[in-house]
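An overview of the molecular structure
Chain residues, written in single-letter form:
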Amino acid sequence: APNRLFSQVNEAAFNARPTFTAFVSLLDNYDAFIGTSEFLTSQERSEIDSFFDLINATPIFNKLYQFLACQNYVSSASDFRSKFYNLWFDLYPRSSSASGVLDRRIEIGRAH
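The rules behind the values
Residue positions are counted from 1 within each chain, in the order its sequence is given. At least 70 in pLDDT is required for a residue's local features to be given in this predicted model, at least 80 for side-chain atom pairs to be given and counted, and no such filter applies to totals for whole chains, interfaces and linings, which use all residues. The side-chain figures draw on all heavy atoms in the structure; neither hydrogens nor water molecules are used. Strands here mean DSSP runs of E at least two residues long; helices mean DSSP runs of H or I at least four residues long; both are numbered from the N terminus. For the exposure calls, accessible area comes from a 1.4 Å probe over protein chains only, and a residue counts as buried if that area is under 20% of its type's maximum, exposed if over 50%, partly exposed in between. The axes are straight lines fitted to the C-alpha atoms, using for helices just the contacting stretch, and the angles between their N-to-C directions are given from 0 to 180°. Note on terminology: angles under 35 degrees are roughly parallel, angles over 145 are roughly antiparallel, angles of 65 to 115 are roughly perpendicular, and the others are oblique. Working rule for handedness: look at the near helix, and if it is turned counterclockwise from the far one by less than a right angle, call the crossing left-handed; if clockwise, right-handed. Throughout, a contact is declared for two residues whenever any of their heavy atoms are within 4.5 Å. For this classification, Asp, Glu, Lys and Arg are treated as charged, while Ala, Val, Leu, Ile, Met, Phe, Trp, Tyr, Cys and Pro are nonpolar and the rest, including Gly, are polar.

Re unusual backbone geometry
- The phi angle at Asn72 is positive, at roughly 60°, despite the residue not being glycine.
- For Asn72, the position within the fold is in the loop between helix H4 (59-70) and helix H5 (77-88).
- Classification of Asn72 by relative accessible area gives exposed; the value is 68%.

Structure follows, in structure tokens:
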């Protein structure tokens, strides 16, 4: 886009939010280059778990879980966590190497 969406961002406001801080810690977990083999370390998995725990405690995630459970997409809180984790954080084979979810890789690549 030719114009910026924001003219300034108050970083202190974002850094005061645990969910944002936890999200930012995830950004260095993925390689922006498609075709590069990736793996998650135990620290990176811990960062993912912390991020999920924080967002899962929000009202919007509670509503999301309730909706998915009512639609029979998830059968329990652990099923919800597992499906969310698989969708957003599991690596998948791409060509001859394991890569993360494509949309996430594109967005993270743009951020760097």
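A look at the environment of Phe23
- Mapped onto the elements, Phe23 comes out in helix H2 (residues 18-26).
- Using a relative accessible area of 36% as the deciding quantity, one classes Phe23 as partly exposed.
- Through-space distance from the C-alpha of Phe23 to that of Ile55 is 9.6 Å; in sequence the pair is 32 residues apart.

Looking at the packing of H2 against helix H3 (residues 42-56)
- It is the contact of H2 with H3, at a shortest axis distance of 9 Å, that shows an interaxial angle of 155°. The orientation of H2 relative to H3 falls into the category roughly antiparallel. The crossing of H2 and H3 is left-handed. Of the residues in H3, those touching H2 at Pro18, Thr19, Ala22, Phe23, Ser25 and Leu26 are Glu47, Ile48, Phe51, Leu54 and Ile55.
- Taken together, the residues of the contact of H2 with H3 break down into eight nonpolar, two polar and one charged.

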